[in-house]
Amino acid sequence: MQLLTPEQMGQADQMAAASGIDSHRLMMKAGEAVSAAVLRRFPAAVRMVVLCGPGNNGGDGYIAAKALFEAGCNVSIYHFGDLANLKGDVAQAFNACPVKPQPLAAYAPKANDVVVDALFGAGLTRSLDPAVQSLILNLRKAGSNVVAVDLPSGISGGTGAALGTAVTASHTITFMRPKPGHFLLPGREHCGTLETFDIGIPQRILTSVAGNTYLNEPSLWKAHLPATSIQSHKFKRGHLTVFSGGHGTTGAARLSATAGLKAGAGLVTLATPSNACTEATAHLTAIMLREINNVRELSHWLEDKRLSAFVLGPGFGIGEKARDYTNLLAGNPVVLDADGITSFAESPDRLFYSLSKHPTTFVLTPHEGEFARLFPDIHSDKSLGKLEKARAAASRSNAVVLYKGADTVITAPDGRAAINANAPPWLATAGSGDVLSGIIGSLLAQEMPPFEAACAGAWLHGAAGQNAGEGLSAEDLPNGLPKYSQIS
Ligand SMILES: NC(=O)C1=CN([C@@H]2O[C@H](COP(=O)(O)OP(=O)(O)OC[C@H]3O[C@@H](n4cnc5c(N)ncnc54)[C@H](OP(=O)(O)O)[C@@H]3O)[C@@H](O)[C@H]2O)[C@@H](O)CC1
Ligand SMILES: [K+]
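Residues numbered from 1 in each chain as written. Chains lettered and ligands numbered in written order. Predicted model: local features only at pLDDT ≥ 70, side-chain atom pairs only at ≥ 80, totals over all residues. Heavy atoms only, no water.

Asker: I tried to follow the site of ligand 1 on my own but got confused; where do I start?
Answerer: The environment of ligand 1 is made up of 22 residues, and the closest members are D13, N57, D60, G121 and D150. At a separation of 3.0 Å, a nitrogen atom of ligand 1 approaches a polar backbone atom of S127. Take D150: an N or O atom from its side chain is 2.5 Å from an oxygen atom of ligand 1. Here ligand 1, which alone exposes 940 Å², has 77% of that area covered by the protein. Because more than half of its atoms lie within 2 Å of the grid, ligand 1 is assigned to the largest pocket. Secondary-structure elements contributing two or more residues to the shell around ligand 1 are α1 (6-18) and α3 (56-70). No other element matches the three residues that α3 contributes to the shell around ligand 1. (Near = heavy atom within 4 Å. Polar contact = N/O pair within 3.5 Å; in protein donor to acceptor, adjacent residues only side chain to side chain. Areas by Shrake-Rupley, 256 points an atom, 1.4 Å probe, with all protein chains shown as cover. 1 Å grid on protein atoms, 1.4 Å probe; cavity = no way out; pocket = protein on both sides within 12 Å on 5 of 7 lines; lining within 4 Å. Sits in = over half its atoms within 2 Å of the grid points. Helix = DSSP H or I, 4+ residues; strand = E, 2+ residues; numbered from the N terminus.)

Structure, rendered in structure tokens:
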């Protein structure tokens, strides 16, 4: 599903109006959908309270209030801003509303109130007024149920950032297409359940304004998933190599390799320094072992052209060896994770230079700390949200960047971006990232293009976490991977 920024949605509104679509009619549909959602969710509410702001979000609120009033509800409206300044569709909605509003300052939230938050939506441009923020705190204290119109007030639709104290809703109803802020944190946590309602802006208009930001769903990459035909030879399913650390530090790479095998790679080899071979052998059965101690041995191993992808980083150790291996692997499909990323903290340009000489084949999988090490200026740029940071990082590194977190973002150097939203909270556990690297490495080995492999990897990892359930450990994840033929 494509996501639209508030600016793109604004453009769609303008194009809809220019093509003869009545903007007030769109507002009517939006407001009536809000009223229907409230009635559906809270049929026994004692009092409905609609909070209306100065813009079109408030206009949706006046229409919802009218519809709730006409449905026989006890409705109160509280407004923010000067009513004399209302213009256009909002003024029309206000004038037609049979319930007369009182100023926001007069509202004292009660626990049983069902509150419609129509203060600010896509047009929020700056931090909320202190008076609005203190009301939001009172709503929270009272524990009133809130249904947010378009976005919880205070949440940026573009970045998901909270511009001050933001409303926390139990349900949010948005129109036509969700925005990045519905899925990026903290926005996602403020939305509650999310409903997207079609108010009738034609698809052709939405398509013409949309960029290349998506919710990470199977439709984005399913066509590239490895075929699971009975005839596929194990070499056709690719050969993944996972580089291991030395004695006592093989666990992370073994986890990664196990996940790689479960994710469908035909062959998986753990490339291990001599001092860790006994330890690794004791733990491995289906995964093969290859002694590799240095760049010379790696060069020799790379002469085998059937090797199709590599994972470098989990438990590998930070330093020159990781940098040398990475440089040698440039141009091959590689997941560079953990120590592989941190090894370039002092000299990120060395990595970027290596990658700039080839088409995009690398997937970098930094968590926030690793991201800050590789892209310190981008990380500290307060004007950028997570999506823009990951986009800038992909463009600079010529790699697919999977910026981890509860709201993992995947970006490609060509500007495509996807936000992953299926990871359960219990997925954040030791070794979870190693499993993710192995899954992505496996998909690369099976010839998935890097952006699609990273997106599919993040989604499959989330699904595995859901299937393995609360209290999982990273070892449980590979067995929780869904079957590709059952993904829809
Ligand atoms: N296609 C669709 O999706 C449709 C969307 N619709 C609805 O339209 C909504 C977007 O409407 P919108 O553009 O008027 O923006 P909205 O959020 O009401 O706020 C703008 C007002 O707030 C003000 N303001 C901003 N920040 C402020 C602050 N911190 N503190 C104080 N004031 C602040 C700002 O003032 P200004 O910045 O201009 O000074 C301006 O007056 C969208 O969310 C959806 O609900 C439907 O009606 C139909 C079709
Ligand atoms: K709102």
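Asker: Explain the domain arrangement of the protein chain to me, please; I cannot follow it from the model alone.
Answerer: Frequently, the measure chosen for interface size is the accessible area that the parts lose on association. Here the protein chain is described as being made up of domain 1 (6-211) and domain 2 (218-482). If you average the C-alpha positions of domain 1 and of domain 2, the two centres end up 41 Å apart. Counting each side, the surface lost to burial between domain 1 and domain 2 is near 640 Å², with a carbon and sulfur contribution of 69%. Looking at the side of domain 1 facing domain 2, the largest losses of area belong to L184, L185 and R188, adding up to 63% of the total buried there. At the junction of domain 1 and domain 2, the tally comes to zero salt bridges. The tally of links between domain 1 and domain 2 comes to three residue pairs in polar contact (both at pLDDT 80 or more). Classifying every residue of the side of domain 1 that touches domain 2 by side-chain character gives four nonpolar, one polar and one charged. (Domains from an automatic or database assignment. Buried area = accessible area lost by both parts, 1.4 Å probe. Salt bridge = Lys/Arg side-chain N within 4 Å of Asp/Glu carboxyl O. Nonpolar A, V, L, I, M, F, W, Y, C, P; charged D, E, K, R; others polar.)

Asker: Would you mind showing me how to read the coordination of the potassium ion (ligand 2) here?
Answerer: Octahedral six-donor coordination of a metal ideally yields angles of 90 or 180 degrees, compared with 109.5 degrees for tetrahedral four-donor coordination. Around the potassium ion (ligand 2), the donor atoms from the protein are N57 (OD1), D117 (O), F120 (O), V149 (O) and L151 (O), and they sit 2.6 to 3.0 Å away. Between the donor residues of the potassium ion (ligand 2), the gaps in sequence give the motif N-x59-D-x2-F-x28-V-x1-L. Placement of F120 in the loop between β4 (114-118) and α5 (130-142) and of L151 in the loop between β5 (145-149) and β6 (171-175) is noted, with a sequence separation of 31 residues between them. Just as F120 is buried, L151 falls in that class too. (Donors = N, O, S within 2.8 Å, 3.2 Å for Na, K, Ca; no water. Buried < 20%, exposed > 50% of the residue type's maximum accessible area, 1.4 Å probe, protein only.)

Asker: What is the right way to read the pattern of salt bridges from this model?
Answerer: Pairing of side chains with opposite charge becomes possible as their charged atoms draw close. Overall, the coordinates contain 12 salt bridges when judged by the stated rule. When the shortest N-O distance is used, the salt bridge between R306 and D304 registers 3.4 Å. With a relative accessible area of 47%, R306 lands in the partly exposed category. Residue classification places D304 among the partly exposed residues on the basis of a relative accessible area of 24%.

Asker: What exactly am I supposed to notice about the packing of helix α8 (residues 251-262) against helix α17 (residues 432-445) here?
Answerer: The angle between the axes and the distance between the axes are what describe a pair of packed helices. It is at 7 Å that the axes of α8 and α17 come closest, and there the two elements cross at 40°. When the axis of α8 is compared with that of α17, the two are oblique. Here α8 and α17 pass one another in a crossing that is right-handed. Residues A252, L255, S256, A259 and G260 of α8 pack against D434, V435, S437, G438, I439 and S442 of α17. Residue composition of the contact of α8 with α17, by class: five nonpolar, five polar and one charged. (Axes fitted to C-alpha atoms, helices over the stretch in contact; angles between N-to-C directions. Parallel < 35°, antiparallel > 145°, perpendicular 65-115°, else oblique. Left-handed = near helix turned anticlockwise from the far one by under 90°. Contact = heavy atoms within 4.5 Å.)

Asker: Even after reading the chapter, I still don't get the UniProt feature "binding site: K(+)" (unreviewed entry) in the protein chain, so can you show me in this structure?
Answerer: Under the present numbering, the feature "binding site: K(+)" (unreviewed entry) in UniProt falls on N57, D117 and S153. Spatially, the listed residues are clustered: although they cover 97 residues, their C-alpha atoms lie within 9.6 Å of one another. Taken from the residues named earlier, the lining of the largest pocket is made up of N57. Within the secondary structure, N57 sits in helix α3. Accessibility expressed as a relative area gives 9% for N57, which makes it buried. Dropping the residues within four chain positions of it, N57 is found in contact with D117, A118, L119, F120, G121, V149 and D150. Along the polypeptide, S153 turns up in the loop between β5 and β6. Given the relative accessible area of 0%, S153 is considered buried. Excluding its chain neighbours within four sequence positions, the residues that come into contact with S153 are D117, L119, F120, L128, I136, A166 and V167. (UniProt positions renumbered as here; feature names shortened; annotations may be inferred.)

Asker: Could you clarify how one ought to interpret helix α11 (residues 320-329) in this entry?
Answerer: Every α-helical turn comprises 3.6 residues, leaving residues that sit three or four positions apart pointing alike. When we look at burial in α11, the residues that qualify are A322, R323, Y325, T326 and L329. Buried residues along α11 cover an arc of 165° about the axis, so they all sit on one side. Positive backbone phi, approximately 100°, marks G331, located one or two places after α11. (Arc of directions from axis to C-beta.)

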